[in-house]
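# Inside the fold
Each chain is listed here by its residues.
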Amino acid sequence: MQKPQFRISQHPLVIHKVSFLRQARGIVSSHDYAQLMRELGTLLAYEATANLPLRPLVPKRPDMRAGRIIHTDDKPAVVPLVRSGLTMAEGVRSIIPSAYMGHIGVYYDLATDSVIEFMVTMPNRIHDRPVLVIDPFIDSGITACAAIDIILEYGVLPENIHFLTLIISKQGYNKLNANSSSAGVTFYATRIDGHSDDEIWFDDFDNMNERLYRTTNKPRRPQS
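Cut-offs and rules
Residues numbered from 1 in each chain as written. Predicted model: local features only at pLDDT ≥ 70, side-chain atom pairs only at ≥ 80, totals over all residues. Heavy atoms only, no water. Axes fitted to C-alpha atoms, helices over the stretch in contact; angles between N-to-C directions. Helix = DSSP H or I, 4+ residues; strand = E, 2+ residues; numbered from the N terminus. Parallel < 35°, antiparallel > 145°, perpendicular 65-115°, else oblique. Left-handed = near helix turned anticlockwise from the far one by under 90°. Contact = heavy atoms within 4.5 Å. Nonpolar A, V, L, I, M, F, W, Y, C, P; charged D, E, K, R; others polar. Buried < 20%, exposed > 50% of the residue type's maximum accessible area, 1.4 Å probe, protein only. Salt bridge = Lys/Arg side-chain N within 4 Å of Asp/Glu carboxyl O. Core = buried A, V, L, I, M, F, W, Y, C linked by side-chain atoms within 4.5 Å. Phe/Tyr/Trp six-rings, centres within 6.5 Å; stacked < 30°, edge-to-face > 60°.

### Observations concerning the packing of helix α2 (residues 30–48) against helix α3 (residues 86–95)
As a packed pair, α2 and α3 sit with axes 7 Å apart at the nearest point and diverge in direction by 50 degrees. Considering the angle they form, α2 stands oblique to α3. The handedness of the crossing between α2 and α3 is right-handed. Facing α2, whose interface residues are Ala 34, Met 37, Arg 38, Gly 41, Thr 42, Leu 44, Ala 45 and Tyr 46, α3 presents Thr 87, Met 88, Glu 90, Gly 91, Val 92, Ser 94 and Ile 95. Residues belonging to the contact of α2 with α3 are distributed by class as follows: 8 nonpolar, 5 polar and 2 charged.

### So, α3
Within the sequence span of α3, burial applies to Thr 87, Met 88, Ala 89, Gly 91 and Val 92. Along its buried surface, α3 packs onto α2, β4 (77–80), β7 (131–134), β9 (161–164) and α6 (208–213).

### Quick notes on the pattern of salt bridges
Counted by the stated rule, this structure contains 7 salt bridges. Across the pair Asp 204 and Arg 22 runs a salt bridge, and its minimum N-O distance is 2.6 Å. Pair noted here: Asp 204 is in the loop between β12 (191–192) and α6 and Arg 22 is in the loop between α1 (12–21) and α2, with a separation of 182 residues, a long-range link. The exposure class assigned to Asp 204 is partly exposed, which follows from its relative accessible area of 27%. Residue Arg 22 is classed as partly exposed on the basis of its relative accessible area, which comes to 24%. The shortest N-O distance in the salt bridge between Arg 25 and Glu 210 comes to 2.3 Å. Here the residue Arg 25 occupies a position in the loop between α1 and α2, and Glu 210 occupies one in helix α6, the gap between them amounting to 185 residues. A relative accessible area of 36% means that Arg 25 is categorised as partly exposed. Residues participating in the shared-partner salt-bridge network are Arg 22, Glu 199 and Asp 204.

### A look at the nonpolar core
Core analysis: the largest hydrophobic core is formed by 30 residues, its most contacted members being Leu 21, Tyr 33, Met 37, Val 92, Leu 164, Leu 166 and Ile 167. Elements that contribute at least two residues to this core include exactly α1, α2, α3, β7 and α6. Ranked by residue count, the leading element in this core is α2, at 9 residues. If near-sequence neighbours (up to four positions away) are discounted, Ile 167 is found in contact with Val 18, Pro 136, Phe 137, Ile 138, Thr 190, Arg 191, Asp 193, Trp 201, Phe 202 and Phe 205. In terms of nonpolar packing, the next biggest core, distinct from the first, is built from 26 residues, Leu 81, Met 122, Ala 147 and Ile 148 among them.

### Overview of the packing of aromatic side chains
Scanning the model with the defined rule gives 4 aromatic pairs in all. Measuring from centroid to centroid gives 4.8 Å for Phe 6 and Tyr 173, while their planes differ by 55 degrees, and the two rings are tilted. With Phe 6 in strand β1 (residues 5–8) and Tyr 173 in helix α5 (residues 170–178), the pair connects residues that are 167 residues apart, well separated along the chain. Ring centres 6.1 Å apart and planes at 45 degrees place the aromatic pair Tyr 107 and Phe 118 in the tilted group. Within this pair, whereas Tyr 107 is found in strand β5 (residues 103–109), its partner Phe 118 is found in strand β6 (residues 114–121), the two being separated by 11 residues in sequence.

No statement about biological role is implied by the geometric values presented.
Printed below as a string of structure tokens:
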């Protein structure tokens, strides 16, 4: 059975910036926290697009010289998970000014033990493009697998799905390896918790949404 691929960045800038994300609010402000997320999105996108095909630009104007401009043959689609992936997506689009952008909104409902889909928008002809899926953290792996399932439904080949994330928990790693939909998908991350040591980083990011957006995941209405 084919397995997902995991490419863990060893770039010093990536490791440096993730280490600052672990710091408390008094050390890293919300503005700087968001900027670090954007920069990490840019750096991971740089690694994820290393194999995009290139070809000479065909001149559309008589004063343009053929062969002088080389461009990527494929225009990747950028698909963040709402809302946590939006800030990283800004960094990705800073170097990939593609108009092709989708959004996936899913969450795991503990009460019903099911994934709830509340938003899916996709650009045209996404099946013809490399797709950069963005979610900063993979915890249980349930929503990541659900997002991959959604993209596969649009006809995207697994090998064209590149999942950009920062930290993958040990549980999430095991889930992705066991999930048939993840086979052939490449994950670009900075760390897999418990993969090479016993230190757990995931707990340092529990308040990510609060730091980015001043919002929480608390229910809108009191629970009876």
